[in-house]
Amino acid sequence: MDVVALTRQLVDIESITGNEALVGDVLYGELSRLGYQVNTIPVEGNRFNVYATSPERPRPDIVFSTHMDTVPPFIPSSEDATRIYGRGSCDAKGIIAAQIAAAERLREEGVHVGLLFLVGEERNSLGAQVANQQSPGCKFLVNGEPTENRMASASKGTLRVNVIAEGRMAHSAYPELGESAIDKLLEALNRLRAMKLPAEEGIGPCTLNIGVIEGGRAPNVIPDKARAQLLYRLIGPTDELRRQIEQAVAGLAKIEFVLEIPFLRLRTLDGLPTMVAAFTTDIPELTNWGQPLLIGPGSIHVAHTEGEFIEKKQLNEAVDLYRSIAKKLATG
């Protein structure tokens, strides 16, 4: 199997979250052509997960998994002598190609793994949540994300927070007659930025990103509404963090805790280099799919960027790496 060609084929299919059906159809067809038993798992509307197994082992102990969706905007594929470029090249369509190629090689060697490709990872892991209700009872889940072929010993969690301020409209020539929601929001955000966040040796710090700010009606109107969307990268439980957030903005804004994905410590294997993933994955939503491991080709530092790419050398190395991991897990 030509992993470079398959990666480019997948990258050239636009599959921004919510629009994964076409790439799912292509994977269904390709895996069927290769002789797998392929099932679709309906998720929402025309969106579905793809789960494939070898006829020789319809209930495998080991499953390779990653996601089909990408962040916007769509960027078609291109390549040079050493790299494949385009949206999803490393996050995570190159990983899909490497996992399929590894599964094919393993099948030739008498080791049979499942393949689970999911929708919605980039937004809310909806595909993983649905798949978790239909686990085949496997023992190990090898999840693919860009870790530069290093095994993740931990994965930071996520806490999404909305900060909502309310004021009173007035003519901007008479600001004393109104109450600026934007002024309140800015003060609330300054307080949150000044908070001391926890850190863990060997893991790193909890971090904050103010990702979206919106509010106001016109330059000549005192704004009555303003909102910010925040994302914390977690290194542990959130009870104290949540308390501090609410305390910091008291009297200025309301807090909505929108989504939490927990911090995880993960299994590693002897002889493989390790890293700490500062990002989140589908793993917390796949608890019924066996003990999780996290590894894949590509660098998270170029994922979600306009110049996203994957090194061809690393992509091909991942095929052998996934094979080696499956063999180690299969033999205990």
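Rules used in this analysis
- Numbers given for residues are sequential positions, taken from 1 along each chain in its written order.
- Predicted model: local features are reported for residues with pLDDT of at least 70 only, side-chain atom pairs are reported and counted for 80 or more only, and whole-chain, interface and lining totals are derived from all residues.
- Side-chain numbers here rest on the full set of heavy atoms in the structure, without hydrogens or water.
- Residues are called lining when one of their atoms sits within 4 Å of a cavity or pocket point, these points coming from a 1 Å grid over the protein atoms alone, where a cavity is a set in which a 1.4 Å probe fits but cannot get out and a pocket is an open set with protein on both sides within 12 Å along at least five of seven lines.
- Grid points are joined across faces, edges and corners, and a volume is the space filled by probe spheres set on the points.
- Each residue receives one of three labels: charged for Asp, Glu, Lys and Arg, nonpolar for Ala, Val, Leu, Ile, Met, Phe, Trp, Tyr, Cys and Pro, and polar for the others, Gly being one of them.
- Under the scheme used here, helices are H or I runs from DSSP no shorter than 4 residues and strands are E runs no shorter than 2 residues, and both carry numbers assigned from the N terminus.
- Only the six-membered ring of Trp is used, alongside the rings of Phe and Tyr, when aromatic pairs are assigned; centres must lie within 6.5 Å, and planes under 30 degrees apart are stacked while those over 60 apart are edge-to-face, with the rest tilted.
- Burial classification: accessible surface area is computed with a 1.4 Å probe over protein chains only, and a residue below 20% of its type maximum counts as buried, one above 50% as exposed, and the rest as partly exposed.
- Our definition puts a charge over a ring when NZ of Lys or CZ of Arg is within 6 Å of the ring centre and also within 35 degrees of the ring normal.
- It is the directions from the helix axis to the C-beta atoms that the arc portrays.
- Every residue pair with non-hydrogen atoms within 4.5 Å of one another is taken to be in contact.

**Some details on the layout of surface pockets**
Argument step 1. In this model, the largest pocket occupies a volume close to 680 Å³.
Argument step 2. Along the wall of the largest pocket there are 29 residues; nearest its centre are Val-71, Glu-122, Arg-160, Arg-233 and His-304.
Argument step 3. Of the residues belonging to the lining of the largest pocket, the class tally is 10 nonpolar, 11 polar and eight charged.
Argument step 4. Of the volumes computed, that of the second largest pocket is approximately 310 Å³.
Argument step 5. Lining the second largest pocket are 13 residues, and of these Asn-209, Gly-211, Gln-229, Leu-230 and Leu-231 sit closest to its centre.
Argument step 6. Mapped onto the lining of the second largest pocket, the elements with two or more residues apiece are β9 (157-166), β12 (207-215) and β13 (225-234).
Argument step 7. Here the lining of the second largest pocket is built from residues that sort into six nonpolar, five polar and two charged.

**Things to note about the packing of aromatic side chains**
Argument step 1. The final tally for this structure, using the stated rule, is three aromatic pairs.
Argument step 2. Summarising the aromatic geometry, the rings of Tyr-51 and Trp-289 are spaced 5.4 Å apart at their centres and angled 85° between planes, so their arrangement reads as edge-to-face. Taken together, the residues span a long stretch of sequence, with Tyr-51 in strand β2 (residues 47-53) and Trp-289 in the loop between β16 (274-277) and β17 (291-294) at a distance of 238 residues. The pair formed by Tyr-51 and Trp-289 is uniform in burial state, with each residue classed as buried.
Argument step 3. Of note, Arg-83 hangs over the ring of Phe-309, and the distance from its end group to the ring centre comes to 3.8 Å.
Argument step 4. Between Arg-242 and the ring centre of Phe-257, over which it is positioned, the NZ or CZ distance is 4.5 Å.

**A few points about helix α6 (residues 239-248)**
Argument step 1. Within α6, the full set of buried residues consists of Leu-241, Ile-245 and Ala-248. In a view along the axis of α6, the buried residues occupy a sector of 70°, so they form one face of it. Exposed and facing more than 90 degrees away from the buried side of α6 are Asp-239 and Gln-247.
Argument step 2. Taken together, the buried residues of α6 touch β9, α5 (181-194), β13 and β14 (254-261).

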